[in-house]
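One letter stands for each residue in the lines below.
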Amino acid sequence: MELELVEPKTEAEFETYYRLRYERLRKPLGLPPGAERDDPMEPATIHRVVKVNGRVVAAACWVVGMRRDGKVRGPYVRFRQMAVDPEFEGAGIGNAIMRHVEESARAIGAFELVGNVRMENVAWFRRNGWVEVGEGVTLYEQVESLAMIKPLQ
């Protein structure tokens with residue numbers, strides 16, 4: 001299976017991108033359509049889709065931040081969301097997305113990836129080199145998460 005990981009360009013690609021984010025991440029929480037776009041970081045977000053034979057089968061997004069305090073200063077990447085069509089789960093698409101995000105982060109000199117990882121996904125993130133750094137946020141007052149990072153240096 002050949003994967004194409006690209007920025008969504010057409011209206012149809014963006015519709016599928018947001019539909020995947022909604023169906024996989026917000027609808028199970030009982031949230032209305034549009035909840036997948038309600039984060040204040042959305043306008044600054046980098047969007048990617050994964051296509052298989054021209055069909056959009058996954059969506060991912062992240063933002064770049066700048067740390068100006070503490071021991072380490074410089075850019076970091078906040079990995080926000082990833083959604084894979086259930087038909088393609090277990091096919092390595094999540095791993096391909098993670099490699100792409102890491103490569104993109106390294107290309108801008110980012111020193112780490114950060115994120116609030118849903119409890120059901122913590123083991124997968126650990127297998128991909130992420131470590132826990134504390135309690136995460138409770139998303140929509142119902143989804144527990146852990147704060148995790150993946151050092152890139």
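Residues numbered from 1 in each chain as written. Predicted model: local features only at pLDDT ≥ 70, side-chain atom pairs only at ≥ 80, totals over all residues. Heavy atoms only, no water.

Caption draft 1: Examining the nonpolar core more closely. Phe 79, Ile 93, Ile 97 and Leu 113 are the most contacted members of the largest nonpolar core, which totals 24 residues. Those elements that place two or more of their residues in this core are strand E2 (46-52), strand E3 (55-67), strand E4 (74-84), helix H2 (93-107), strand E5 (112-118), helix H3 (122-127) and strand E7 (145-151). Counting residues per element, this core draws most heavily on H2, at 5 residues. If we ignore the near neighbours within four places in the chain, the residues touching Ile 93 are Leu 3, Val 50, Val 57, Ala 58, Val 84 and Phe 88. (Core = buried A, V, L, I, M, F, W, Y, C linked by side-chain atoms within 4.5 Å. Buried < 20%, exposed > 50% of the residue type's maximum accessible area, 1.4 Å probe, protein only. Helix = DSSP H or I, 4+ residues; strand = E, 2+ residues; numbered from the N terminus. Contact = heavy atoms within 4.5 Å.)

Caption draft 2: Layout of the pattern of salt bridges. Applying the stated rule across the entire model yields 13 salt bridges. Glu 13 is paired through a salt bridge with Lys 51; the nearest N and O atoms lie 2.3 Å apart. Taken together, the residues Glu 13 in helix H1 (residues 11-26) and Lys 51 in strand E2 connect sequence positions 38 residues apart. A relative accessible area of 12% places Glu 13 in the buried class. Classification of Lys 51 by relative accessible area gives buried; the value is 13%. We note a salt bridge from Arg 55 to Asp 85, for which the minimum N-O separation is 3.0 Å. Of the two residues, Arg 55 is situated in strand E3 and Asp 85 in the loop between E4 and H2; the sequence distance between them amounts to 30 residues. Here the residues in one salt-bridge network are Arg 21, Glu 42 and Arg 80, joined through shared partners. (Salt bridge = Lys/Arg side-chain N within 4 Å of Asp/Glu carboxyl O.)

Caption draft 3: Representation of the sheet that holds E2. As summarised here, the arrangement of the 7 strands in space is E1-E2-E3-E4-E5-E7-E6, forming an open sheet in which the pairing is mixed. Either end of the sheet is taken by a strand with one partner, and the two such strands are strand E1 (3-6) and strand E6 (131-135). Across this sheet, the average inter-strand angle for adjacent strands is 25°, counted without regard to direction. Bridging between E1 and E2 involves 4 bridges; their strand directions are antiparallel. When the sheet's bridge partners are listed, Glu 4 is paired in E2 with Lys 51. Most of the contacts of H2 go to E4, to which it runs at about 160°, and overall it touches E1, E2, E3, E4, E5 and E7. (Pairing = 2+ DSSP bridges. Axes fitted to C-alpha atoms, helices over the stretch in contact; angles between N-to-C directions.)

Caption draft 4: Geometry of the environment of Ala 59. With respect to the helices and strands, the residue Ala 59 is situated in strand E3. The spacing of Ala 59 and Ala 107 is 48 residues in sequence and 21 Å in space, taken between C-alpha atoms. Sequence-distant contacts of Ala 59, defined by excluding residues within four places in its chain, comprise Tyr 17, Leu 20, Arg 21, Arg 48, Gln 81, Met 82 and Ala 83.

Caption draft 5: Representation of the packing of aromatic side chains within the structure. This model, assessed by the stated rule, comprises 7 aromatic pairs. Between Phe 14 and Tyr 17, the ring centres sit 6.2 Å apart and the planes meet at 80°, which makes this aromatic pair edge-to-face. A residue pair is termed a helical-turn pair when its members lie 3 or 4 positions apart in one helix, as Phe 14 and Tyr 17 do in helix H1 at 3 residues. The exposure class assigned to Phe 14 is partly exposed, which follows from its relative accessible area of 27%. Note on Tyr 17: relative accessible area 0%, which makes it buried. With a centroid separation of 4.9 Å and an interplanar angle of 80°, the aromatic rings of Tyr 17 and Tyr 18 are classed as edge-to-face. Of the two residues, Tyr 17 and Tyr 18, both sit in the buried class. A connected cluster of aromatic rings, assembled from ring pairs, spans Phe 79, Trp 124, Phe 125 and Trp 130. (Phe/Tyr/Trp six-rings, centres within 6.5 Å; stacked < 30°, edge-to-face > 60°.)

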